[in-house]
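Each chain, letter by letter, is given below.
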Amino acid sequence: MSELSSLLQADRGQPARTIHLVDPQGFDAWLGQQPPRHRAAIAAQRLKPTGFAYAILPGEGAEDWSVVVVVANTSELSPWCLAKLAEVLPAGSYRLHSGEPGAAAFGWLVAQHRFTRYRKDEAGEGPRILLTGDPARVDDVVRQAAATLLVRDLVDTGANDLGPAELEAQAASLASAHGATLTVTKGVELERGYPMIHAVGKAAAKGREPRLIDVEWGNPAHPRVAIVGKGVCFDSGGLNIKPGSGMALMKKDMGGAAHALALATLVIESRLPVRLHLLVPAVENAIAGDAFRPGDVLRTRKGITVENTNTDAEGRLILGDALTRAAESQPELMIDFATLTGAARVALGPDLPATFANDEALAADLLACGTAEGDPLWRLPLWDAYDDMLKSSVADMVNAPEGGFAGAITAALFLRRFVPGEIAWAHLDTFAWRPSPKPGRPKGGDAYGLRAAWALLRRRYDGR
């Protein structure tokens, strides 16, 4: 976090190169006002009024230069308006010609991060520092950037280096640094108290055993908020084994846990006045002689029974037990993150988390926060008529209905069975992966819905 802080600094008049902003609507007028040397440089660099396009502008002296970048709207910068510049400009300090970076400071920070666990950063460029006249915002922007990069790094880490034990270690580090209480349930106690988490993870190798990671932080007198994240550290599909193409990205199936840990970190480091309850069911859905099977009837912490019709629909199983535990403490708000269904991606693609909520005010606030933060969500319905798809002839319900219709909705309806109706609850079915790069957003693990959820919590509990 200290490294990120150095990239966004208060503007005290120190030397810095200038960034000019122009949008397509004002491009021609702006160009007409430029001196001949700027127009010549723009023509030579073939600058067009399209997003992220930029050009270097010569100054009066031999060493003087500035840069112009095309943004969608100069009066309302998005988080990504300056991200391309943060990737390509030489090391040094920069300030906007007029106005403040605002939301664009976030993209400036995350654009300079590289995941280097397995290889060196080939770019080797020094830091690009952005100056701001609004230093009061720096800490929050840095925390959001750090949380986003935590998600990216956790998801990008190979499953050989990130299993249930490593998720536990991440939670333990957070708890230890901030005086939170960490409880980890595994072994016989997990089998008895959280039978679905145990069933899904019991075939994993030694050292990768299933567990429920539980962190509590904050004043017990404050409003209670629960954050839950799906922590399937690798998903083979179980006995309903995935094909190779489907298994290729399954190191990212703990993306929900990464989001939950990142959001909890934001809550704790910002000292949000809530009683936080973080829950991460952490497993590996492996294949072995004791793996759970199609047709098994699973017991649950809530007491209802589930006919397992597909071992590759395991995420909802572990979340069911975790949501039950969260509800037992009677929070006023519950949010879960999960890389839950391919159906959500078919419907909405990678950028839009399918968002479900049992509370209209919560749904409206969450979507509004996503729009305001440039971290969009898309609501799908908890369609009651589809609840019949979860019927079983031998148990209280199935985990994966036949037919494959409305897969994201039926998965959310499954989770709803474990959430008491009086608790406001939101479920984000997120992808946690960027399949192709964009400025500030490399291919690989990424956070979707994290900043939206954080904005919601700030507004509700800190008046921001």
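The structure displayed is predicted, hence computed values, not measured ones. Residues take numbers from 1 onward in each chain, read along the sequence in its written order. In keeping with the model being predicted, local features are shown solely for residues with a pLDDT of at least 70 and side-chain atom pairs are shown and tallied solely at 80 or more, while totals for entire chains, interfaces and linings include all residues. As a rule here, side-chain values cover all heavy atoms of the structure and leave hydrogens and water aside.

Caption draft 1: Structural context of the overall build of the protein. Here a strand is any run of E in DSSP of at least two residues, a helix any run of H or I of at least four, and the numbering for each starts at the N terminus. Scanning the protein from terminus to terminus reveals 16 helices and 20 strands. Radius of gyration here uses only the C-alpha atoms, and the compact-globule reference equals 2.2 Å multiplied by the residue count raised to the power 0.38. For a compact globule of 464 residues, the expected C-alpha radius of gyration is about 23 Å, and the protein comes in at 24 Å, within 12% of that figure. Each principal axis of the C-alpha atoms in the protein carries an extent, and together these give about 80 × 45 × 45 Å. Relative to its full complement of 464 residues, the protein shows a buried share of 55%. Residue contacts are defined here by distance: any two heavy atoms, one from each residue, within 4.5 Å place the two residues in contact. When contacts within the protein are restricted to residue pairs at least 6 apart in sequence, long-range pairs at least 24 apart make up 77% of them. Here the open area of atoms and residues is found with the Shrake-Rupley method and a 1.4 Å probe, where only the protein chains shown may cover a residue. With an accessible surface of roughly 19100 Å², the protein has 50% of that area assigned to carbon and sulfur atoms. Here the protein contributes 49 positive and 54 negative side-chain charges, whose respective centroids are spaced 3 Å apart. Burial classes follow relative accessibility: with a 1.4 Å probe on protein chains only, a residue under 20% of its type's maximum area counts as buried, one over 50% as exposed, and anything between as partly exposed. We score Asp and Glu as negative and Lys and Arg as positive, and we do not count His or the chain ends. All charge positions are set by atom: Lys at NZ, Arg at CZ, Asp at CG, Glu at CD.

Caption draft 2: Seen up close, the environment of Gly256. Residue placement: Gly256 occurs in helix α11 (residues 255-269). Residue Gly256 is classed as buried on the basis of its relative accessible area of 0%. Separated by 191 residues in the primary sequence, Gly256 and Ala447 place their C-alpha atoms 9.3 Å from one another. Residue contacts for Gly256: discarding those within four places in its chain leaves Gly229, Lys230, Phe337, Ala338 and Thr339.

Caption draft 3: Expanded view of the nonpolar core. Buried Ala, Val, Leu, Ile, Met, Phe, Trp, Tyr and Cys residues that are joined via side-chain atoms within 4.5 Å together make up what is termed a nonpolar core. Grouped together as the largest cluster of nonpolar side chains are 55 residues, with contacts concentrated most on Leu167, Ile227, Leu263, Val267, Leu333 and Leu457. Among the elements that make up this core, the one with the highest residue count is α11 (10 residues). One finds Leu190, Tyr194, Ala199 and Ile409 within the second-largest nonpolar core, a separate group that totals 44 residues.

Caption draft 4: Highlighting the packing of aromatic side chains. Ring pairs are drawn from Phe, Tyr and Trp, using the six-membered ring of Trp, whenever the two centres fall within 6.5 Å, and their geometry is named by plane angle: stacked under 30 degrees, edge-to-face over 60, tilted for the rest. A full pass over the atoms with the stated rule returns seven aromatic pairs. Seen from their ring centres, Phe414 and Phe418 are 5.4 Å apart, and the 50 degrees between their planes marks the pair as tilted. Given the relative accessible area of 0%, Phe414 is considered buried. Exposure remark for Phe418: the relative accessible area of 1% places this residue in the buried category. Put simply, the rings of Trp65, Tyr94 and Trp108 pair up and form one aromatic cluster. Of note, Arg441 hangs over the ring of Trp80, and the distance from its end group to the ring centre comes to 4.1 Å. To sit over a ring, a charge needs its Lys NZ or Arg CZ within 6 Å of the ring centre and within 35 degrees of the ring normal. Between Arg451 and the ring centre of Phe106, over which it is positioned, the NZ or CZ distance is 4.5 Å.

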